[in-house]
Amino acid sequence: MYLTFQIKDQRYNDAILILNDQIQKHPRSRAALSLLGYSYYQSQDFVNAADCYEQLSVISPEVEEYKLYYAQSLHKACLYQEAMKVACQIDTPAFNNQITKLQAAIKYGEEDLTGAKSLVEQCPGDDADTEVNLGCLLWKEQRYDEACKKFETAQQILGYHPDLSYNIALCYYCMKQYAPALKSIADIIERGIREHPELSVGMTTEGIEVRSVGNTLTLHETALIEAFNLKAAIEYQLKNYSQACEALTDMPPRGEDELDPVTLHNQALMNMESKPSEGFDKLQFLLQQPTFPPETFGNLLLLYIKYEYFDLAADVLADNAGLTYKYLMKYLYEFLEAVITRQTAKEEAFRKLDEMATWQTDTLRKLTKQVQEARQSHDDELVKKTVNEYDESLERYIPVLMQQAKIYWDMENYAAVEKIFRKSVEFCNEHDVWKLNVAHVLFMQESKFKESTGFYEPIVKKHYDNILGVSAIVLANLCVSYIMTSQNEEAEELMRKIEKEEEDVAYNDPDKKIYHLCIVNLVIGTLYCAKGNYEFGISRVIKSLEPYSKKLGTDTWFYTKRCFLSLLENMSKHMIMLRDNVVHECIQFLEHCEFYGRDVKATHEQPIQEVAEHPGKNTVTYEARQLKALFLQLMD
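1. Observations regarding the overall build of the chain
Line of reasoning, step 1. Within the chain, the regular secondary structure consists of 35 helices and 0 strands.
Line of reasoning, step 2. Over its C-alpha atoms, taken along the principal directions, the chain stretches across nearly 100 × 70 × 45 Å.
Line of reasoning, step 3. Relative to its 636 residues, the chain shows a buried fraction of 45%.
Line of reasoning, step 4. Carbon and sulfur atoms form 51% of the exposed surface of the chain, whose accessible area is close to 34600 Å².
Line of reasoning, step 5. Averaged over its 67 positive side-chain charges, the chain has a centre that lies 3 Å from the centre of its 97 negative ones.

What follows is the structure in structure tokens.
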């Protein structure tokens, strides 16, 4: 009786414990095995469910249902060949329709779309499942609009089903129609919260500790996990990164060992900035599994490139040749190969990237012509489609261009970088990434501050109402550009604006550390030090870190120690002399840094390190002591 209540209340994990105990005593108990298989299936443990139904098929070969359940469990466990073998052994006429559907699903899982389509076409035309299956096949063929119509037709026949609503949202997402996609997602989430409050949606985001809801059939049927993952993907595409992370924490709570591959992949990707080590671990783990999201392979390689782990990227490509052909587009493979080559053969890498850039610019010119022709013929749909293709091509061109530029940037040949950017102005002059990098390269040449101001200003003005949303280094470089072009009033106005916004944030959240104004002052201080005016530059640096408890951080310490090391080097060479009171001020400042820097890392740790740095050495306290010791040595 107790076991019946456990299953009725969907407490399958408790039921599994009891049934496993019974199986130990009665290994051939048909009733116990049947309930155990059912409980495993309902809790999404398909491998163990398949094991139970396999035993039942042997104990009771006359019961064809067990073979059907066995085949279904194998299919759900992605063991497609085994599932097809079992499915072909079932010849009961009553199960013909179910077997055909199952075989079609197996072929679909194996990506044999032709075989799947031929089986789906054998199913009854008036069956709503046939519409759904045809929709899935159309989606695989990237015919998203037609697929969406199939799913909508099925929903009209069957009524509201979360999985169908999710399929519709996915089609809209693939067509980049994010508003209707988010509407379907909102419907799924709203119904899930209303009908299943026990799934604790949003509790983790609110900071409430709740137990795992597990991977139950109820959770699967609500499509909440899929909906939240898709919502996260949309927000990520729209560059709303905090909302993307929030979508992942809003989903029903589960233990890390219970997470599905898509959630694990999205967690890795969307938390990469804050938890890169965990992100790499998750992506590497996924790559070792029998099935994983197709994007995993490409994303892992791109992240290795981003963090400059070129050897690791090369090893992954070499060790997974099969995955390369299956999951990487020709463009992405050539791009990765060129960037990896850059480490050993810069000229060869530039040649490869230049070939890619030429091909991309030709494509962009053709698409520009097609857009103009579509506008002349007043074909709005074609205009929209071609503009989307142009935007996608431009997004492929920008990384190639930036990697070309980086070759010369690393060589500090900024004039060559500017030349590369000028050649691409025809296509990129409205692209934010291009404008930002043009501003940087003009700034670095030290003779083009006026020109760099012209590129930095629009970026800052675009976000003037939320100026702290602009990168601190952009604000700092703009201030320096103003100062170097005798626009001191503009520089002071910008700094007042930053100060006011920082004060507003501090009022609402006193514990939050904000470094924007501090970094601006540090960069200005660095500028004066670089010009040889160390007394003014160092005093600016020292004042910028007050109060130390709020302004001393890893990034601010980076700029600070550069100035002090430059000062020490010039003092040791007797190239400059400082008044004693300035040296004492420096020592006193370093003592403050020593006191407040115990828990502040001196450098950002790399996500993947062969030899971990001693935690005591990677602190501001440790480095401040070393700098202080050098000052004392020079004074002696």
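2. Details of the side chain of Lys-551
Line of reasoning, step 1. Counting through the fold element by element, Lys-551 comes out in helix α32 (residues 548-551).
Line of reasoning, step 2. A polar contact of 3.1 Å, which involves the side chain of Lys-551, links it to the side chain of Glu-502.
Line of reasoning, step 3. With near-sequence residues (within four places) excluded, Lys-551 lies in contact with Glu-502, Ile-514, Tyr-515, Cys-518, Ser-544, Leu-545, Glu-546 and Thr-556.

3. Topic: the packing of aromatic side chains
Line of reasoning, step 1. Taken as a whole and assessed by the stated rule, the structure comprises 23 aromatic pairs.
Line of reasoning, step 2. Judged by centre distance (5.0 Å) and plane angle (70°), the ring pair of Trp-409 and Tyr-414 falls under edge-to-face.
Line of reasoning, step 3. Judged by relative accessible area, which is 31%, Trp-409 ranks as partly exposed.
Line of reasoning, step 4. A centroid spacing of 5.4 Å and a plane angle of 75° characterise the contact between Phe-558 and Tyr-559, whose relative ring orientation is edge-to-face.
Line of reasoning, step 5. Given a relative accessible area of 40%, Phe-558 falls into the partly exposed group.
Line of reasoning, step 6. Here the aromatic residues Tyr-548, Phe-564, Phe-589, Phe-595, Tyr-596 and Phe-631 are joined through ring pairs into a cluster of three or more.
Line of reasoning, step 7. Above the face of the Tyr-108 ring, Lys-140 is positioned so that its terminal group lies 5.6 Å from the ring centre.

4. As for helix α10 (residues 144-158)
Line of reasoning, step 1. With 15 residues, α10 should reach 21 Å at 1.5 Å per residue; the first-to-last C-alpha distance of 21 Å fits that figure.
Line of reasoning, step 2. Among all positions of α10, only Tyr-144, Ala-147, Cys-148, Phe-151, Ala-154 and Gln-155 are buried. Around the axis of α10, the buried residues are gathered within 125° of arc, so they sit on the same side. In α10, those exposed residues whose orientation departs by more than 90 degrees from the buried face are Gln-156 and Ile-157.
Line of reasoning, step 3. For α10, the secondary structure elements touched by its buried residues are α9 (128-140) and α11 (162-174).
Line of reasoning, step 4. The positive-phi residue at the C-terminal boundary of α10 is Gly-159, with phi of around 85°.

5. Here's the deal with the pattern of salt bridges
Line of reasoning, step 1. Across all of its chains, the model carries 37 salt bridges by this definition.
Line of reasoning, step 2. In this structure, the salt-bridge partner of Glu-355 is Arg-351, at a minimum N-O distance of 2.5 Å. Remark: Arg-351 and Glu-355 occur in helix α22 (residues 346-376); sequence separation between them is 4 residues, near one turn of the helix.
Line of reasoning, step 3. Overall, the relative accessible area of 49% leaves Glu-355 in the partly exposed class.
Line of reasoning, step 4. Here Arg-365 and Asp-362 are joined by a salt bridge, their closest N and O atoms 3.8 Å apart. Taken together, the positions of Arg-365 and Asp-362, both in helix α22 and 3 residues apart, correspond to about one turn of that helix.
Line of reasoning, step 5. Take Arg-365: its relative accessible area is 41%, and that puts it in the partly exposed class.
Line of reasoning, step 6. Since its relative accessible area comes to 38%, Asp-362 is described here as partly exposed.
Line of reasoning, step 7. When salt bridges with common partners are traced through the structure, they connect Glu-308, Arg-342, Lys-406 and Asp-410 into a single cluster.

6. Here's the deal with unusual backbone geometry
Most of the time, phi is negative for any residue but glycine, and the peptide bond is trans.
Line of reasoning, step 1. Cis rather than trans, the peptide bond between Glu-546 and Pro-547 has omega equal to -5°.
Line of reasoning, step 2. Of note, Pro-547 is situated in the loop between α31 (534-544) and α32.
Line of reasoning, step 3. Even without being glycine, Lys-176 reaches a positive phi, approximately 60°.
Line of reasoning, step 4. By relative accessible area, Lys-176 is classed as partly exposed at 41%.
Line of reasoning, step 5. Its identity is not glycine, yet Glu-308 carries a phi of approximately 65°, on the positive side.
Line of reasoning, step 6. Relative to the assigned elements, Glu-308 resides in the loop between α18 (295-306) and α19 (310-319).

7. A look at a negative patch on the surface
Line of reasoning, step 1. Taken together, the side chains of Glu-256, Asp-257, Glu-278 and Asp-281 present a region of like negative charge at the surface.
Line of reasoning, step 2. Here Asp-257 is to be found in the loop between α15 (241-250) and α16 (261-270).
Line of reasoning, step 3. With a relative accessible area of 74%, Asp-257 lands in the exposed category.

8. A look at the environment of Ile-225
Line of reasoning, step 1. Inspection of the secondary structure puts Ile-225 in helix α14 (residues 224-237).
Line of reasoning, step 2. Ile-225 sits in the buried class, given a relative accessible area of 7%.
Line of reasoning, step 3. Sequence separation between Ile-225 and Asp-260 is 35 residues, and the spatial gap between their C-alpha atoms is 8.9 Å.
Line of reasoning, step 4. Apart from residues lying up to four places away in sequence, Ile-225 is in contact with Leu-219, Met-251, Pro-252, Arg-254, Asp-260 and Thr-263.

9. Let's talk about the nonpolar core
Line of reasoning, step 1. With 60 residues, the main nonpolar core has Leu-494, Trp-557, Phe-564, Leu-567 and Phe-631 as its most contacted residues.
Line of reasoning, step 2. Broken down by element, this core gets its largest block of residues, 9 residues, from helix α30 (residues 516-530).
Line of reasoning, step 3. Ala-268, Met-272, Leu-287 and Phe-292 belong to the second-largest nonpolar core, a separate cluster that totals 56 residues.

10. Here we look at helix α5 (residues 64-76)
Line of reasoning, step 1. Relative to the 18 Å expected for 13 residues at 1.5 Å per residue, α5 spans 19 Å between its end C-alpha atoms, a close match to the ideal helical length.
Line of reasoning, step 2. For α5, the set of buried residues is Glu-64, Tyr-66, Lys-67, Leu-68, Tyr-70, Ala-71, Ser-73, Leu-74 and His-75.
Line of reasoning, step 3. Residues of α5 that are buried sit in contact with α3 (30-42), α4 (46-59), α6 (80-87) and α7 (96-109).

11. Topic: the environment of Tyr-331
Line of reasoning, step 1. Inspection of the secondary structure assignment puts Tyr-331 in helix α21 (residues 330-341).
Line of reasoning, step 2. The sequence separation of Tyr-331 and Phe-455 amounts to 124 residues, and the corresponding C-alpha distance is 30 Å.
Line of reasoning, step 3. Dropping the residues within four chain positions of it, Tyr-331 is found in contact with Met-356, Gln-360, Arg-396, Pro-399 and Val-400.

12. Looking at the packing of α16 against helix α17 (residues 276-287)
To describe two helices that pack against each other, one gives the angle between their axes and the distance between the axes.
Line of reasoning, step 1. Axis separation between α16 and α17 bottoms out at 8 Å; the angle between their running directions is 150°. Here α16 lies roughly antiparallel to α17, going by the angle between them. The two elements α16 and α17 meet at a crossing, and its hand is left-handed. Contacts from Pro-261, Leu-264, His-265, Gln-267 and Ala-268 in α16 reach Gly-279, Lys-282, Leu-283, Phe-285 and Leu-286 in α17.
Line of reasoning, step 2. For the contact of α16 with α17, a count of residues per class yields 6 nonpolar, 3 polar and 1 charged.

Criteria and thresholds
- Residues numbered from 1 in each chain as written.
- Predicted model: local features only at pLDDT ≥ 70, side-chain atom pairs only at ≥ 80, totals over all residues.
- Heavy atoms only, no water.
- Helix = DSSP H or I, 4+ residues; strand = E, 2+ residues; numbered from the N terminus.
- Buried < 20%, exposed > 50% of the residue type's maximum accessible area, 1.4 Å probe, protein only.
- Areas by Shrake-Rupley, 256 points an atom, 1.4 Å probe, with all protein chains shown as cover.
- Lys, Arg positive; Asp, Glu negative; His and termini not counted.
- Charge placed at Lys NZ, Arg CZ, Asp CG, Glu CD.
- Polar contact = N/O pair within 3.5 Å; in protein donor to acceptor, adjacent residues only side chain to side chain.
- Contact = heavy atoms within 4.5 Å.
- Phe/Tyr/Trp six-rings, centres within 6.5 Å; stacked < 30°, edge-to-face > 60°.
- Lys NZ or Arg CZ within 6 Å of the ring centre and 35° of its normal.
- Expected span 1.5 Å × (residues − 1).
- Arc of directions from axis to C-beta.
- Salt bridge = Lys/Arg side-chain N within 4 Å of Asp/Glu carboxyl O.
- Patch = residues over 30% accessible without salt bridge, like charges linked within 9 Å, V, L, I, M, F, W, Y side chains within 5 Å.
- Core = buried A, V, L, I, M, F, W, Y, C linked by side-chain atoms within 4.5 Å.
- Axes fitted to C-alpha atoms, helices over the stretch in contact; angles between N-to-C directions.
- Parallel < 35°, antiparallel > 145°, perpendicular 65-115°, else oblique.
- Left-handed = near helix turned anticlockwise from the far one by under 90°.
- Nonpolar A, V, L, I, M, F, W, Y, C, P; charged D, E, K, R; others polar.

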